[in-house]
Amino acid sequence: MAVCFFNIKITYKLHGVTKKVRTFASEKFNHLNCVKMKLRKLFVAVALLTAGFASAQQMPEIAVDKDVRIGKLDNGLTYYLRHNNHPEKKANFYIAQRVGSIQEDDSQQGLAHFLEHMAFNGSEHFPSGKMLEYLQTIGVQFGRSLNAYTSIDRTVYYIADVTTERQSALDSCLLVLRDWSSGITAEPAEIEKERDVIHNEYRMRNSPNQRMIERALPTLFQGSKYGFRMPIGKMEIIDNFKPEELIAYYKKWYRPDNQGIIIVGDIDVDYTEALIKKMFGDIKVAPDAAKVIDEPVPDNEQAIYVAEKDKEQQYPVLMLSMKRDPIPTDMKKTMAYLVTNYLSSLTCEMLNNRFSEIQQQPDCPFVQAQVSDGHYIQLARTKDAMMLIGVAKEGKEIETMQAVMREAKRVHDFGFTATEFARAKDEYLSRLEKYYTNRDKMKNDQFADSYIEHFLENDPIPSVEDYYQTMNMLAQNLPFEVVNQYAQQIISTDDKNLVAFQMEQEKDGKTYVAPEAMKKATEAVRAETLTAWVDNVKQEPLIAQMPKAGKIAKETENKTLGYKELTLSNGAKVILKKTDFKDDEVMMQAEAKGGYSILGKEAAINLQLLEPAQMYSGLGNFSKSELDKALAGKQASVSLNVKEERQYISGRSVPKDLETLFQLFYLTQTNINKDEKSMASFLNQMQMVLKNKSLNHQLVYQDSLESTKNCGNPLYRMPEADDLSKFDYERTLQLLKQLYQNGGQFTYTIIGNFDEQAIRPLIEQYIASLPTGKAVKTTDVRTFFKGRVENRFEKEMETPQAQTTQIWKNENIAYTLENKVLLDAATRVLTRIYLRTIREEESAAYNVGCGGQISTMGPKPVFFITAQAPTNPDKQKIAEDLMMKYITEATTKIADDDLNPVKEIMLKQADDANRENGHWMDVLTEWTAEGVDLQTGYADVVKALTPAKVQKFIADVLAAGNHASVVMMPKK
Ligand SMILES: [Zn+2]
């Protein structure tokens, strides 16, 4: 239960090495020479960087990876082709358009996004409905592997994970791209149908943050078209535009010179290139075609202060931006760009670490603060900004603004300390190493994402090898002072380019933050004299005294599922499965019987906060923040999960940090260390969320849903803010001890890239040494609904949006592979039927889906089928009736055309899953805990599915007569 306050997605575009993808070099070179050359380049880059971006020509360029073939047709269309075999025998297809909503005229607002929808509803070679239908026959599922997105300055379409066994299927995907590039028909009848779908999407995405940002946008982007171009557009335009207007946008902007095709996978590059030339070469561009021109975002000489309010805002959020010009596009090919990214990443990491430490002080005015660096408000590529975000405690909005500004100023005035820098550098290098370790298993979408950025944003695409060498060199050699200089440059201390935006709740009798007060607060912080930050670190091993190691007592092998089972001297079992799916991953999960069922009568809040109590505590001799610091540079983490009759510890690490992972498991089981400050800080955040939870329709709805499903059992409800005062930290830690201390009762499953010999001593040292304990007896604590249950309620809302869920339950179905497959197939077939009828025919919902669940936490398995849709309030009843109608119909009538594509997709997804560690973790833990083998014979069971079998299964689920319906309607 981690708390996240930011609905606005904060993308760390410039951060982290995992985001950017590079390939491995085919080039052979003299390593030593290369190192010297890189070092020289590096220092040239740093020198130039501190001198400003003026002398672009002198910067060393970053070589493009040789394993991607990049070409351009005469008409301007660019393509990127790369052979890659991860996942095996699959390919991804993309077409990126260098245009988005910023290209719209005033009268076209929303058409860029509307057009993206039309691309799936009729084109030259795929009349309405045929594209999805065809792609499904080759195992491509709409939504998951076939989709698109529209933003202010780009529109990207893709078909992912296409099986490469048949060349004709690949050719057809290229034909789809060709239709997207110039063959969308946008027929009037299809446009009419889509208007409502867009409305439904608008309703679904209309959060308070979204509304306030939209209102503030013209001020935040003073003097720029960015202030008026949210991709969703204006609903009055969506309702009334004429088909020719959409075609006009399409013809004007979707042109080969604005388009990039990216294909990565198990493809024949020469053949594909020839085919692209043939299929796209004849598309013409008029000589007088309109150019895509970057929309500038002007500087502001005076600070901009904006305050917005909304009745449904749960907590006050401040966004403070310090704008600056981005690195010029032509310099992104040079070392300066990589250096800048590195500096930016370290600056944010170190400041964020300070914020999380400050947050734990009782008198801290904010519950959470965060910094990011990238495009201004994450929207404009023509302006960058460092953005500070703060979520204030009640009535502490101005103090929060001052606190985040003060920390930025402290960095500006004194820089970071050497120990902070050392940790951030270690962390960076450790992530870089993880990325490099997995270089031979890079996936198609990782490569493709970086080529899309290269095409649209001119981001560099060096080989993995080159990138690793360069960044490693950079991180090892870059003097600490340079980071401080960089931070000083991007943190502003005067009015120029400062933009502060406060969002808060609108409520009767409340006093709001006024722009004038924000201005005064800013000036007061500027006048302050600060002192340097002091970094406290604990230098000692994680485990002060090593436990006495136990022994591996017995070893057997399971050939069917391919694992070894060790029995340890304390009774613990260890399942070992070594895989080569990812070179940088080891997963470990421990589980034992017990769960809530053995804890007896206990305050619900203590049970609900078991997991956070671990997450926000320290371990061994380390407080939470000392632990975080001690783990900098290690890629290892653990988390807990407690369920009705079982408790789990999940963890993962890279191979080199495996011992740290074992130590974290050991300490979690033996020595969770109370940390009052850290826990208080978490409780503050919870308080904030819970206090105004009634304003969040989604939370309210989920809460009602869980409550109906579990007959009001408080364990499944969101706590009230008042309940937090009943939380007993001490008692909760005792409960954790009771659940976790007896390691001998646990089964540990370890999957991934580990060394079979090296792992044995770790198992003996950290697992076999745990206490044995007694086997426990569990009871059934589940409280599911029975019979027919209805929960219909109304709620006041700013944007009316209904929610509809139907749940069917059966307790008399055996938990077997076949029934699991039937449940999965049934819900997928129902999703298809619902999408076709509820979304497409009736436009009653933007999205509708059906899912299955099996609860095994008791003596009898319980099967659920759940159908859910956020709906247009006027059509809620229609949606609800159709859910009922079509599930009833499916008990006697399922078309082959609905089942066959589902089988195709299930087989294909199973094929992909077989090469995922996570999938094997599920398979092996179900096998050891439930004795059900969900792997062996899976494909045969799927192939043997018939409409009659699925019909009977759905009929069986319904026959139990347990049906709950939960509906939320807007109050009129
Ligand atoms: Zn959309």
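Residues numbered from 1 in each chain as written. Predicted model: local features only at pLDDT ≥ 70, side-chain atom pairs only at ≥ 80, totals over all residues. Heavy atoms only, no water.

So, on to helix H11 (residues 397–414). Taking 1.5 Å per residue as the helical rise, H11 with its 18 residues ought to reach 26 Å, and the 26 Å between its terminal C-alpha atoms agrees with that figure. Just downstream of H11, Gly 415 is the residue with a positive phi angle, here 75°. (Helix = DSSP H or I, 4+ residues; strand = E, 2+ residues; numbered from the N terminus. Expected span 1.5 Å × (residues − 1).)

Our next topic: the nonpolar core. In a soluble, globular protein the nonpolar side chains are often hidden away together inside. In terms of nonpolar packing, the biggest core is built from 74 residues, with Leu 320, Tyr 342 and Leu 388 touching the most fellow members. In terms of residue count, helix H10 (residues 335–358) provides more of this core than any other element does, eleven residues in total. Each residue touching Tyr 342, except ones within four places of it in the same chain, is listed here: Lys 425, Tyr 428, Met 471, Leu 474, Ala 475 and Leu 478. Judged by nonpolar contacts, the second largest core, of 62 residues, contains Ile 543, Leu 607, Leu 631 and Tyr 716. (Core = buried A, V, L, I, M, F, W, Y, C linked by side-chain atoms within 4.5 Å. Buried < 20%, exposed > 50% of the residue type's maximum accessible area, 1.4 Å probe, protein only. Contact = heavy atoms within 4.5 Å.)

In this section: the coordination of the zinc ion. Donor atoms from the polypeptide that coordinate the zinc ion comprise His 113 (NE2), His 117 (NE2), Glu 201 (OE) and Glu 201 (OE), at 2.1 to 2.5 Å from the metal. Coordination at the zinc ion is irregular: its four donor atoms span angles of 55 to 143° at the metal. Site description for the zinc ion: donor spacing in sequence, H-x3-H-x83-E. Of the two residues, His 113 and His 117 are both situated in helix H2 (residues 111–118); the distance of four residues between them amounts to about one turn of the helix. Residue His 113 shares its accessibility class with His 117, and that shared class is buried. (Donors = N, O, S within 2.8 Å, 3.2 Å for Na, K, Ca; no water. Tetrahedral: all angles 85-135°; square planar, octahedral: opposite > 155°, others 65-115°.)

Here the focus is the pattern of salt bridges. Applying the stated rule across the entire model yields 70 salt bridges. Here Arg 215 and Glu 308 are joined by a salt bridge, their closest N and O atoms 3.0 Å apart. With a gap of 93 residues between them, Arg 215 in helix H6 (residues 208–220) and Glu 308 in strand S7 (residues 304–310) connect regions that are remote in the sequence. Taking the relative accessible area as the measure of exposure, Arg 215 reaches 41% and is therefore partly exposed. For Glu 308, a relative accessible area of 18% puts it in the buried group. Each member of the salt-bridge network shares a partner with another, and the members are Arg 154, Asp 294, Lys 332, Arg 381, Glu 453, Glu 457 and Asp 459. (Salt bridge = Lys/Arg side-chain N within 4 Å of Asp/Glu carboxyl O.)

Once that is clear, we can look at the sheet that holds strand S8 (residues 317–324). In spatial order, the strands read S7-S11-S8-S10-S9; together these five strands make up an open sheet with mixed pairing. Either end of the sheet is taken by a strand with one partner, and the two such strands are S7 and strand S9 (366–376). For this sheet, the mean angle separating the axes of adjacent strands, direction not counted, is 15°. Where S8 and strand S11 (residues 498–505) come together, six bridges link them in antiparallel fashion. From the neighbouring strand, Leu 320 faces S11, where its bridge partner is Ala 500. Along the sheet face, H11 touches S7, S8, S9, strand S10 (380–392) and S11 and points at about 125° away from the line of S10. (Pairing = 2+ DSSP bridges. Axes fitted to C-alpha atoms, helices over the stretch in contact; angles between N-to-C directions.)

Okay, the environment of Arg 205 next. Tracing the chain through its elements places Arg 205 in helix H5 (residues 188–205). Expressed as a C-alpha distance, the spacing of Arg 205 and Ile 232, which sit 27 residues apart in the sequence, is 9.4 Å. Separated by 3.0 Å, the side chains of Arg 205 and Glu 201 make a polar contact. (Polar contact = N/O pair within 3.5 Å; in protein donor to acceptor, adjacent residues only side chain to side chain.)

With that out of the way, let us pick up the confidence of the model for the protein chain. Looking at the protein chain, the pLDDT average stands at 91 and 94% of residues meet or exceed 70. Per-residue pLDDT stays below 50 along residues 48–57; that stretch engages in 15 contacts with residues further than four places along the chain or on separate chains. (pLDDT = per-residue confidence, 0-100.)

In the structure shown here, the tally under the stated rule is 26 aromatic pairs. Ring geometry for Phe 784 versus Phe 864: centroids 4.9 Å apart, planes at 75°, classification edge-to-face. Placement of Phe 784 in the loop between helix H24 (756–766) and strand S21 (788–795) and of Phe 864 in strand S24 (residues 862–871) is noted, with a sequence separation of 80 residues between them. With relative accessibility at 11%, the residue Phe 784 sits in the buried group. Between the aromatic rings of Phe 863 and Phe 953, the centroid separation amounts to 6.2 Å while the plane-to-plane angle is 65°, which identifies the pairing as edge-to-face. In this pair, Phe 863 is assigned in strand S24 and Phe 953 in helix H30 (residues 947–959), connecting sequence segments 90 residues apart. As far as the burial class goes, Phe 863 and Phe 953 line up, both buried. Each residue in the set Phe 120, Phe 142, Tyr 157, Trp 180, Tyr 250 and Tyr 254 is aromatic and connected to the rest through ring pairs, giving one cluster. The aromatic ring of Tyr 436 is capped on one face by Arg 439, whose charged end is 3.9 Å from the ring centroid. Looking at Lys 578, its charged tip hangs above the ring of Phe 754, at a distance of 5.9 Å from the centre. (Phe/Tyr/Trp six-rings, centres within 6.5 Å; stacked < 30°, edge-to-face > 60°. Lys NZ or Arg CZ within 6 Å of the ring centre and 35° of its normal.)

Let's shift gears to the pairing of S8. Consecutive residues of a regular strand have side chains that alternate between opposite faces of the sheet. Counted residue by residue, S8 has eight buried out of eight residues, so it is predominantly covered. Residues of S8 alternate between two faces, with Val 317, Met 319, Ser 321 and Lys 323 on one and Leu 318, Leu 320, Met 322 and Arg 324 on the opposite face, all of them buried. Pairing analysis gives eight bridges linking S8 to S10, with the strands arranged antiparallel. Bridge pairing in S10 places Met 319 opposite Ile 389.

Bringing unusual backbone geometry into the picture now. The residue after His 86, namely Pro 87, is reached through a cis peptide bond having omega -5°. Relative to the helices and strands, Pro 87 resides in the loop between strand S2 (78–83) and strand S3 (90–97).

With that settled, the discussion passes to helix H23 (residues 729–740). End to end, H23 covers 16 Å across twelve residues, agreeing with the expected 16 Å (1.5 Å per residue, within 8%). Residues of H23 that are buried include every one of Tyr 729, Thr 732, Leu 733, Leu 735, Leu 736, Leu 739 and Tyr 740, and no others. Around the axis of H23, the buried residues are gathered within 155° of arc, so they sit on the same side. Where H23 begins, one side-chain oxygen reaches toward the backbone nitrogen of Glu 730, 3.3 Å away; that side chain belongs to Asp 728. (Arc of directions from axis to C-beta.)

Attention now moves to the sheet that holds strand S17 (residues 636–642). Spatially, seven strands are ordered S12-S13-S14-S20-S15-S18-S17 in an open sheet, and the strand pairing comes out mixed. The sheet is open, and its two borders are formed by strand S12 (552–558) and S17, each paired with just one other strand. If you compare each strand with its neighbour and ignore which way they point, the axes differ by 15° on average. Note: strand S15 (residues 586–593) against strand S20 (residues 747–752), six bridges, orientation antiparallel. By the bridge assignment, Met 588 is partnered in S20 with Ile 750. Against the sheet, H23 contacts S17 and strand S18 (646–653), and its axis sits at roughly 95° relative to S17. Lying over the sheet, helix H28 (residues 917–930) contacts S12, strand S13 (563–568), strand S14 (573–578), S15, S18 and S20, oriented at roughly 155° with respect to S20.

Quick look at the packing of helix H25 (residues 817–841) against helix H26 (residues 876–889) now. At a closest axis distance of 10 Å, the pairing of H25 and H26 adopts a crossing angle of 140°. One way to sum up the angle between H25 and H26 is to call them oblique. Regarding H25 and H26, the two cross each other, and that crossing is right-handed. Between H25 and H26, the residues in contact are Leu 830, Ile 833, Tyr 834, Thr 837 and Ile 838 and Ala 879, Leu 882, Met 883, Tyr 886 and Ile 887, respectively. (Parallel < 35°, antiparallel > 145°, perpendicular 65-115°, else oblique. Left-handed = near helix turned anticlockwise from the far one by under 90°.)

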